[in-house]
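Observations on the three-dimensional arrangement
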Amino acid sequence: MNSPVGASRQSWFGRNRMTLLTVVIVAAYASFIEWFWGWSAIIAQWAAVGVMPILVALALLTSTYFLRTWRILDYFPRETAGSFRTLFRVTQVHNLLNIMMPFRTGETSFPVLMRAEFGIPLTRATSALLVMRLLDLHALLAAAGIGFAAAAPSAVLAWLLWAAFLFLPITTFLVRKPFLRFGFRLFPAKAQGFLSEIENGLPANASAFVRAWAMTTVNWLVKVVVLAWALSLMGVSPLTASFGGALGGELSSVLPVHAPGGVGTYPAGITAGAVALGAPGGKAALAALAQASINAHLLIIVSALTGTAISLPLGRRRQL
């Protein structure tokens, strides 16, 4: 039988587990930066950028988390009605776990949290998450395609291919019902409920799909533009290289393999994207680019922690 002291301790840890996790993450990342670069070099580069640009970038990046929450609210309007604050907390916890856990394992927290908070079946939440992640990946690849199409030898063919890819989600949405009907005929009766939940996780109609697509596009547009701006302030040039670095970092975060916290993989994605779109490849230039990529990654981590810190008191239920 648990003692009152033990129960109280468990209750305290239960209420504050995400706060404790945040503190551990901050300490671990701070130690890594000191070991790898030294905080003096990091602070010197931020000092050169200035306080106001940093605060503006953080505010804009944090604002994208509210847009992501709105996208999920629009996916499940009946289940999440009047619960924006709780849903924002769920979104932020999921985002932080997804950043910090390797190999996309943090994604599993989303359906679990949606079931715990709103009673949404695991299959339906997982299906919705898959659709949203595909839209995320498509938006990033379409943005990256602009740079490659602009630099392609055959401009007309490149832009036609890009346009076809741009409208691929619409084509996929239009043919979803024939594929689902085929699945209902193919699978046994016991799997009908599973397929129904998958269908329920898809946008209900064309209007819902357009809203999800539009919110996804705006979200990634803001994030990529802010990151490109931050990289340019830190000396990454030309502007196409800053844009490529922002895309490379974000693409590394949505692909199946990434390190805990994106340590190593996110800065490598920034470096690869910047070099692919025109950044100088000399030793000194690459060293400066690597430091800028660490700073940009730090900006992403701080914005995620800021969003989580905002969400914890907002989503906390009152005890009766």
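In this text the structure is predicted, and so the values were computed from the model without any measurement. (Residues numbered from 1 in each chain as written. Predicted model: local features only at pLDDT ≥ 70, side-chain atom pairs only at ≥ 80, totals over all residues. Heavy atoms only, no water.)

**Section: the pattern of salt bridges**
Applying the stated criterion across every chain yields a total of seven salt bridges. The salt bridge involving E79 is made with R78; its shortest N-O contact spans 3.1 Å. Taking the relative accessible area as the measure of exposure, E79 reaches 18% and is therefore buried. Put simply, R133 and D136 hold a salt bridge, and the shortest N to O gap is 2.7 Å. A residue pair is termed a helical-turn pair when its members lie 3 or 4 positions apart in one helix, as R133 and D136 do in helix α6 (residues 122-151) at three residues. (Salt bridge = Lys/Arg side-chain N within 4 Å of Asp/Glu carboxyl O. Buried < 20%, exposed > 50% of the residue type's maximum accessible area, 1.4 Å probe, protein only. Helix = DSSP H or I, 4+ residues; strand = E, 2+ residues; numbered from the N terminus.)

**Quick word on the UniProt feature "transmembrane region" (unreviewed entry) in the protein chain**
UniProt's feature table lists "transmembrane region" (unreviewed entry) at residues 18-37, 43-67, 130-150, 156-175, 220-241 and 296-315, given in the numbering used throughout. End-to-end, the C-alpha atoms of residues 156-175 are 28 Å apart, and along that stretch the chain is 90% helix and 0% strand. In residues 220-241, the share of helix is 77% and the share of strand is 0%. The end C-alpha atoms are 17 Å apart. (UniProt positions renumbered as here; feature names shortened; annotations may be inferred.)

**A short note on the nonpolar core**
Counting residues in each nonpolar core, the largest one holds 37 residues, and the members touching the most others are W46, L140, L231, M234, V236 and L299. The set of elements that each furnish at least two residues to this core consists of α2 (39-49), α3 (51-75), α6, α11 (206-233), α12 (239-254), α13 (265-276) and α14 (283-314). Here M234 is in contact with Q45, W46, V49, A292, N295 and A296, once residues within four sequence places are set aside. Counting 22 residues, the second largest nonpolar core, distinct from the first, contains V90, I120, V131 and M132. (Core = buried A, V, L, I, M, F, W, Y, C linked by side-chain atoms within 4.5 Å. Contact = heavy atoms within 4.5 Å.)

**What to know about the environment of G281**
Positionally, G281 belongs in the loop between α13 and α14. Along the primary structure G281 and T271 are separated by 10 residues, whereas in three dimensions their C-alpha atoms are 9.9 Å apart.

**A few points about the packing of aromatic side chains**
All told, the structure shown has six aromatic pairs when counted by the stated rule. Aromatic pair F209 and W213: ring centres 6.1 Å apart, planes at 35 degrees, arrangement tilted. With F209 and W213 both in helix α11, this residue pair falls four residues apart, about one helical turn. Chaining the aromatic ring pairs together yields one cluster made of F66, F84 and F88. (Phe/Tyr/Trp six-rings, centres within 6.5 Å; stacked < 30°, edge-to-face > 60°.)

**Side note on a nonpolar patch on the surface**
Residues V51, M52, L55, V56, L60, W229 and L233 make up a contiguous nonpolar surface patch of roughly 620 Å² in combined accessible area. Of all the secondary structure elements, the ones that give two or more residues to the nonpolar patch are α3 and α11. Ranked by residue count, the leading element in the nonpolar patch is α3, at five residues. On the secondary structure map, W229 appears in helix α11. (Patch = residues over 30% accessible without salt bridge, like charges linked within 9 Å, V, L, I, M, F, W, Y side chains within 5 Å. Areas by Shrake-Rupley, 256 points an atom, 1.4 Å probe, with all protein chains shown as cover.)

**A closer look at unusual backbone geometry**
Between S237 and the following residue, P238, the backbone shows a cis peptide bond with an omega angle of 0 degrees. With respect to the helices and strands, P238 occurs in the loop between α11 and α12.

**Re the environment of L96**
By secondary structure assignment, the location of L96 is in helix α4 (residues 84-100). Classification of L96 as buried rests on a relative accessible area of 1%. Distance from L96 to G307, taken between C-alpha atoms, is 9.1 Å for residues 211 residues apart in sequence.

**Details of α4**
Side chains of residues three or four places apart in an α-helix project in the same direction, reflecting 3.6 residues per turn. Taking 1.5 Å of rise per residue, 17 residues should cover 24 Å, and α4 covers 24 Å from first to last C-alpha, within 8% of that figure. Across the 17 residues of α4, 15 count as buried, placing the element largely inside the fold. (Expected span 1.5 Å × (residues − 1).)

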